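# Breakdown of the fold
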Amino acid sequence: QVHLVESGGGLVQPGGSLRLSCAASESIFGIVSMGWYRQAPGEVRELVASTSGFIRNYADSVKGRFTISGDNAKSTVYLQMNSLKPEDTAVYYCNMNNIRSNTYWGQGTQVTVSS
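The notes below deal with the structure included here. (Residues numbered from 1 in each chain as written. Predicted model: local features only at pLDDT ≥ 70, side-chain atom pairs only at ≥ 80, totals over all residues. Heavy atoms only, no water.)

## Overview of the environment of threonine 109
The residue threonine 109 is located in strand β11 (residues 109–113) in this model. Look at threonine 109 and you get buried, because its relative accessible area is 11%. For the pair formed by threonine 109 and serine 7, sequence separation is 102 residues and the distance between their alpha carbons is 6.5 Å. Polar contacts involving the side chain of threonine 109 include one to the main-chain amide nitrogen of glycine 9, which spans 3.4 Å. (Helix = DSSP H or I, 4+ residues; strand = E, 2+ residues; numbered from the N terminus. Buried < 20%, exposed > 50% of the residue type's maximum accessible area, 1.4 Å probe, protein only. Polar contact = N/O pair within 3.5 Å; in protein donor to acceptor, adjacent residues only side chain to side chain.)

Okay, here's the thing in structure tokens:
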């Protein structure tokens, strides 16, 4: 059973930066897309950023501040988060999908932006 492991979350002051990492417990064959989602208390899980080939998509709320990068061969994905705001506070989840329509999720990592 493949699972994804996230790291890099924590407490940061507004305006600060964090880098989230996600790695699969074993190599995932045929990755077609990777992404990061987040879920704040009482809110639905939302897509933050995704990458598929050379295409990158970002939620409007994070454009210009967050950058997603990934390595399909290594089954890893990263999220660089700059200029963090209190409204970015949430549990962040990584996601990978492969050519066999398998979907993998991480367990989540807490990001808290507060002074």
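Let us keep going from here.
## Regarding the state of the cysteines
Under the criterion given, the structure shown has one disulfide. Cysteine 22 shares a disulfide with cysteine 94; S-S distance 2.0 Å. Between cysteine 22 and cysteine 94, the S-S dihedral sits near 55°, and the bridge is therefore right-handed. Placement of cysteine 22 in strand β3 (residues 18–24) and of cysteine 94 in strand β9 (residues 90–98) is noted, with a sequence separation of 72 residues between them. For the pair cysteine 22 and cysteine 94, one class covers both residues: buried. (Disulfide = S-S within 2.5 Å.)

## Digging into the sheet that holds strand β1 (residues 4–7)
Pairing is antiparallel across the open sheet formed by four strands, whose spatial order is β1-β3-β8-β7. Edge positions in the open sheet fall to β1 and β7 (66–71), since each of these has one partner strand only. Across this sheet, the average inter-strand angle for adjacent strands is 15°, counted without regard to direction. Pairing of β1 with β3, which is carried by four bridges, proceeds in the antiparallel orientation. Across the sheet, residue glutamate 6 finds its bridge partner in β3, namely cysteine 22. (Pairing = 2+ DSSP bridges. Axes fitted to C-alpha atoms, helices over the stretch in contact; angles between N-to-C directions.)

## Here's the deal with unusual backbone geometry
At serine 83, a residue that is not glycine, the phi angle is positive and equals roughly 50°. Residue position: serine 83 is located in the loop between β8 (76–81) and β9. The residue serine 101 is not glycine, and still its phi comes out positive at about 65°. Along the polypeptide, serine 101 turns up in the loop between β9 and β10 (103–105).

## Focus: the nonpolar core
The tendency in soluble globular proteins is for nonpolar side chains to be buried as a group. If you look at the biggest cluster of nonpolar residues, it comprises 28 residues, and the most contacted ones within it are Trp36, Leu79, Met81 and Tyr92. If you list the elements that add at least two residues to this core, you get β3, β4 (31–39), β5 (46–52), β7, β8, β9 and β11. When near neighbours in sequence (up to four residues on either side) are disregarded, tyrosine 92 contacts Glu6, Leu20, Trp36, Tyr37, Arg38, Val48, Phe66, Leu79, Met81, Gly108, Thr109 and Val111. (Core = buried A, V, L, I, M, F, W, Y, C linked by side-chain atoms within 4.5 Å. Contact = heavy atoms within 4.5 Å.)

## Quick notes on the pattern of salt bridges
Under the counting rule described, the total for this entry stands at four salt bridges. We note a salt bridge from glutamate 46 to arginine 38, for which the minimum N-O separation is 2.7 Å. Take glutamate 46: its relative accessible area is 35%, and that puts it in the partly exposed class. Two residues, lysine 63 and aspartate 60, come together in a salt bridge whose shortest N-O distance is 3.1 Å. Several salt bridges share partner residues, and in doing so they unite Arg38, Glu46, Arg65 and Asp88 into one network. (Salt bridge = Lys/Arg side-chain N within 4 Å of Asp/Glu carboxyl O.)

Purely spatial values, then, with no claim about function.
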